[in-house]
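# Topology and contacts: notes
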Amino acid sequence: MEKIDLHIHTSCSDGTINLINEGNSCFAGYDLIAITDHENLFNPREFDFTNCKAKFIPGVEICCNYWGAYIEILGYDFEPENENLSDIISYVRNQRILAMDTILKNNNVTDYHIAGNPFRINVQLPYHIDKRKFWKQNEVEYKKIYHSVGAEEVIDAILSAGGIPVLAHPMESLRGYDEESVKKLIGSLGIRHIEFLTPKHTAEEVEMLERIIIYYDLSASIGSDTHKSVLSSIPFEYDLKKRYFMWIQRFL
């Protein structure tokens, strides 16, 4: 069975893998990889993966909203230099920074610094503030600003770059929605690919998504959403000969 992971974060966003120093070793044993950092267009041509047998495709993850739901769209196999996509990336990146700045200012937090890329995980708060609790309490405001761009704009930008837009871990983003609501949202969104097999989904959610995939005749993706140096395993078996995985075959 081919080993696939099309959802990986690195130190280029809020993950820990250093592509320059660890790229070949981290992906040993894999056949197909997509690096999907937040608001960072991964271009495989910029890295040396000659000691790794895996094939790499361009990837990105972009936060947005649809029908009042805060969702994320993955993009694969796009042209990295596309102007429309780059503009969307810049806008969403700036919204993320604005969200952090706004929340810190509204909570009168001035004694902080950002160690690395501008993500919540890298904001070093004063010792008396519980970091996890602080961002949890401000989650709604953070997403309201960060996810302010519409999903349709993101999808159109990825398509304009010749890429494949994919709804990321739908059941994490839409947890609490019943099957009919998830089905209606995906159908209305008009997206043709959704992330199907991921550690973010339970076995019951995978069964539900498969019914939706078959109903709309969608294509399905596979990804761990790894943020650490060791890639998370996909806790579900898969057969790439299934119709909804056939699109992956062209990259292998």
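What comes next concerns the included structure. (Residues numbered from 1 in each chain as written. Predicted model: local features only at pLDDT ≥ 70, side-chain atom pairs only at ≥ 80, totals over all residues. Heavy atoms only, no water.)

Now for the pattern of salt bridges. Taken as a whole, this structure holds 13 salt bridges when the rule is applied. Arg-45 is paired through a salt bridge with Glu-81; the nearest N and O atoms lie 3.7 Å apart. In this pair, Arg-45 sits in the loop between strand 2 (32-35) and strand 3 (55-57) while Glu-81 sits in the loop between strand 5 (69-76) and helix 2 (83-106), placing the two residues 36 residues apart along the sequence. Each member of the pair, Arg-45 as well as Glu-81, carries the same accessibility label: exposed. Put simply, Lys-242 and Glu-210 hold a salt bridge, and the shortest N to O gap is 3.8 Å. Note that Lys-242 is positioned in the loop between strand 10 (219-222) and helix 9 (246-249) and Glu-210 in helix 8 (residues 203-216), a separation of 32 residues in sequence. A single salt-bridge network, built from bridges that share partners, covers Arg-45, Glu-79 and Glu-81. (Salt bridge = Lys/Arg side-chain N within 4 Å of Asp/Glu carboxyl O. Helix = DSSP H or I, 4+ residues; strand = E, 2+ residues; numbered from the N terminus. Buried < 20%, exposed > 50% of the residue type's maximum accessible area, 1.4 Å probe, protein only.)

Here His-38 shows up in the loop between strand 2 and strand 3. Judged by its relative accessible area of 8%, His-38 is buried. Beyond its immediate sequence surroundings of up to four residues, His-38 is in contact with His-9, Ser-13, Asp-14, Glu-61, Cys-63, Glu-72, Arg-96, Phe-119, Tyr-146 and His-227. (Contact = heavy atoms within 4.5 Å.)

A few words now on helix 5 (residues 151-160). Residues of helix 5 that are buried: Ala-151, Val-154, Ile-155, Ala-157 and Ile-158. For helix 5, the arc enclosing every buried residue in end-on projection is 160°, short of the 170-degree limit, so these residues lie on one face. Turning to helix 5, the residues buried within the fold contact strand 4 (59-66), strand 5, helix 2, strand 8 (164-167) and helix 7 (179-189). (Arc of directions from axis to C-beta.)

Before going further, it helps to examine the packing of helix 2 against helix 4 (residues 139-146). Following both chains from N to C, one finds helix 2 and helix 4 inclined at 150°, their axes separated by 8 Å at the closest point. By the criterion of interaxial angle, the relationship of helix 2 to helix 4 is roughly antiparallel. Helix-helix and strand crossings are classified by hand; for helix 2 and helix 4 the assignment is right-handed. Residues Val-92, Gln-95, Arg-96, Leu-98, Ala-99, Met-100, Thr-102 and Ile-103 of helix 2 form the contact with helix 4, whose own contacting residues are Glu-141, Tyr-142, Ile-145 and Tyr-146. Looking at side-chain class alone, the contact of helix 2 with helix 4 contains eight nonpolar, two polar and two charged residues. (Axes fitted to C-alpha atoms, helices over the stretch in contact; angles between N-to-C directions. Parallel < 35°, antiparallel > 145°, perpendicular 65-115°, else oblique. Left-handed = near helix turned anticlockwise from the far one by under 90°. Nonpolar A, V, L, I, M, F, W, Y, C, P; charged D, E, K, R; others polar.)

For strand 4, a buried count of seven out of eight residues is recorded, marking the element as mostly surrounded by other parts of the structure. The turn joining strand 4 and strand 5, which pair antiparallel and follow one another in sequence, is formed by two residues; a positive phi near 55° is taken by Trp-67. (Pairing = 2+ DSSP bridges.)

On to the sheet that holds strand 3. Taken in spatial order, the three strands make up an open sheet running 1-2-3, and their pairing is parallel. Whereas interior strands pair on both sides, the edge strands pair on one side only; in this sheet they are strand 1 (4-8) and strand 3. Each strand of the sheet is rotated relative to its neighbour by a mean of 20°, with strand direction disregarded. Where strand 1 and strand 2 come together, three bridges link them in parallel fashion. By the bridge assignment, Asp-5 is partnered in strand 2 with Ile-33.

So, on to unusual backbone geometry. Glycine aside, residues mostly have negative phi angles, and peptide bonds mostly take the trans form. We note that Trp-67 has phi near 55°; this positive angle belongs to a residue other than glycine. With respect to the helices and strands, the residue Trp-67 is situated in the loop between strand 4 and strand 5. In this structure, Asp-77 is a non-glycine residue whose phi angle is positive, near 55°. By the element assignment, Asp-77 lies in the loop between strand 5 and helix 2.

No statement about biological role is implied by the geometric values presented.
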